[in-house]
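Listed here are the chains, written in short residue letters.
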Amino acid sequence: MLGLSAATLSGLVDAGFVTPSRGPRNEYRFSFQDIVLLRTAHRLRSARIPPRRIVEAMRSLREQLPGQLPLSGLRISAVGNDVAVQHGGVQWAAESRQMLLDFDVAPAGGTVSLIGREFHAAAAPPRPLATAGADERLARARELEASDPGSAEQAYRDAIAHGADTADAHLNLGALLYESSRLDEALAAYDQGLVHHPGEPRLHYNRALALEDLHRPGDALAAYDACLRRAPDFADAHFNAARLAEQLGKDQLALRHFSAYRRLER
């Protein structure tokens, strides 16, 4: 019902994130509160947080919190690649326990409050792009991602055009395009990256995600296979490959990938 794998669910139970009772046939029986918490895990999974990261974050969170503070009273969400927790106006990363600043602009009295210009007065002006090198262009692209994705996209393209031919440049550009539902362009970015970095498993994995959303399951399965040839311990690639193989009627292949996934997630 929630779209969670059995391995993720078992991990959340073992971590104490949910505490189901047992039925007459020893089956799990979840309370309404359990379902609410599992929906939180599902949202994290939908945000492409890997299952292992979800379980580790929840386990870390259980260790941090006093017993009288229920998890249901917290707001748990994905912030980039992190699992963030918010309670009482304070936000922190579940795994690292570092405090996170909330840069969301909130309305005040019906208008938007902006930070004054004097806040930036002491900052040194950036070097003109015309004289910037490839690495500097890439660094600026990364800085722009959170505040201005459109400018970040152009900055990544500019950095790649000026020689910033790292796998991360193509990965980050593809991710920006993917998040804005420009799937064909994201696929092209990953393909371009693979021309120069054919051994990078993350490019193959992200390419597979784009192919899935483009409703090309056979091609996506082949891309997951390419990822796993280069990174056999990539658990999420095994999980996704198993799911696709099952959809395509390749039951033996699905079983092999599910078995590999369960072994890696133990």
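Read on for an overview of the structure. Position numbers for residues start from 1 in each chain and track the written sequence from start to end. Local features are withheld for residues below a pLDDT of 70 in this predicted model, meaning they are given only at 70 or higher, and side-chain atom pairs are given and counted only at 80 or more; totals for whole chains, interfaces and linings count all residues. Side-chain numbers come from the whole structure's heavy atoms, not from hydrogens or water.

Numbering goes from the N terminus for both helices and strands, where a helix is a DSSP run of H or I of at least four residues and a strand is a run of E of at least two. The helix and strand tally for the protein chain stands at 11 helices and 7 strands. The buried share of the protein chain, taken over its 266 residues, is 38%. A separation threshold of at least 6 residues defines the contact pool for the protein chain, and within that pool the share at least 24 residues apart is 48%. Only the protein chains shown count as cover for residues, and the accessible areas themselves come from Shrake-Rupley with a 1.4 Å probe. Of the accessible surface of the protein chain, which amounts to about 15,500 Å², a share of 53% is contributed by carbon and sulfur atoms. Residue exposure (1.4 Å probe, protein chains only): buried if accessible area is under 20% of the type maximum, exposed if over 50%, otherwise partly exposed. Here a residue-residue contact requires only that any non-hydrogen atoms of the pair lie within 4.5 Å.

Only the stretch in contact is used when a helix axis is fitted, and all axes are lines through C-alpha atoms; the angle between N-to-C directions ranges over 0 to 180 degrees. Their axes nearest at 8 Å, the elements helix H8 (residues 201-213) and helix H9 (residues 217-230) cross at an angle of 165°. Comparing their axes, H9 and H8 come out roughly antiparallel. Where H8 crosses over H9, the handedness of that crossing is left-handed. Contacts between H8 and H9 involve Pro201, His204, Tyr205, Arg207, Ala208, Leu209, Leu211 and Glu212 from the former and Asp219, Ala220, Ala223, Tyr224, Ala226, Cys227 and Arg230 from the latter. What sets the label is the angle itself: under 35 degrees gives roughly parallel, over 145 gives roughly antiparallel, 65 to 115 gives roughly perpendicular, and the rest give oblique. In this scheme the handedness of a crossing depends on how the near helix is turned from the far one: anticlockwise by less than a right angle means left-handed, clockwise means right-handed.

Turning our eyes to something else, we now look at the packing of aromatic side chains. Here a Phe, Tyr or Trp ring, Trp counted by its six-membered ring, pairs with any other such ring whose centre lies within 6.5 Å, and the pair is stacked when the planes are under 30 degrees apart, edge-to-face when over 60, and tilted otherwise. Evaluation of the coordinates by the stated rule reveals 4 aromatic pairs. Ring centres of Phe239 and Phe258 lie 6.4 Å apart, and the angle between their planes is 80°; this geometry places the pair in the edge-to-face category. Note that Phe239 is positioned in helix H10 (residues 235-247) and Phe258 in helix H11 (residues 251-265), a separation of 19 residues in sequence. Judged by relative accessible area, which is 14%, Phe239 ranks as buried. Phe258 gets classed as partly exposed once you look at its relative accessible area, which sits at 27%. Among the aromatic side chains, those forming a connected cluster through ring pairs are Tyr205, Tyr224 and Phe234.

Where H10 meets H11, the axes come as close as 8 Å, and the angle between the chain directions of the two elements is 155°. In terms of their interaxial angle, H10 and H11 are classed as roughly antiparallel. Pair H10 / H11 crosses with left-handed handedness. For the pair formed by H10 and H11, the contact residues are Ala235, Asp236, His238, Phe239, Ala241, Ala242, Arg243, Ala245 and Glu246 on the first element and Leu253, Ala254, His257, Phe258, Ala260, Tyr261, Leu264 and Glu265 on the second.

Turning our attention to the nonpolar core. Tyr178 and Tyr224 are the most contacted members of the largest nonpolar core, which has 37 residues in total. Listing elements by their share of this core, those giving two or more residues are helix H4 (134-144), helix H5 (149-161), helix H6 (167-179), helix H7 (183-196), H8, H9 and H10. Top contributing element to this core by residue count: H6, with 7 residues. If we skip the residues at most four places from it in the chain, Tyr178 touches Arg48, Leu183, Ala186, Tyr190, Leu209, Ala210 and Asp213. Remark: nonpolar core denotes a set of buried residues (Ala, Val, Leu, Ile, Met, Phe, Trp, Tyr, Cys) joined through side-chain atoms within 4.5 Å. Listed in part, the 8 residues of the second largest apolar core include Leu12, Val13, Ala41 and Leu44.

With that out of the way, let us pick up the environment of Ala237. Here Ala237 shows up in helix H10. Ala237 gets classed as buried once you look at its relative accessible area, which sits at 0%. For the pair Ala237 and Tyr224, spaced 13 residues apart in sequence, the C-alpha separation works out to 5.8 Å. Apart from the residues within four sequence positions on either side, Ala237 is in contact with Tyr205, Tyr224, Cys227 and Leu228.

Moving on to the side chain of Glu212. For Glu212, the position within the fold is in helix H8. Taking relative accessible area as the criterion, Glu212 reaches 18% and is therefore assigned buried.

Turning our attention to the pattern of salt bridges. When a carboxyl oxygen of Asp or Glu is within 4 Å of a side-chain nitrogen of Lys or Arg, the pair counts as a salt bridge. Inspection of the entire model under this criterion finds 10 salt bridges. Across the pair Arg182 and Glu153 runs a salt bridge, and its minimum N-O distance is 2.8 Å. Remark: Glu153 occurs in helix H5 and Arg182 occurs in the loop between H6 and H7; sequence separation between them is 29 residues. For Arg182, a relative accessible area of 28% corresponds to the partly exposed category. Between Asp219 and Arg216 there is a salt bridge; the shortest N-O distance is 3.0 Å. In this structure Asp219 comes out as partly exposed when scored by relative accessible area, which is 37%. Taking the relative accessible area as the measure of exposure, Arg216 reaches 33% and is therefore partly exposed. Connected through shared salt-bridge partners, Glu153, Arg157, Arg182 and Glu185 make up one network.

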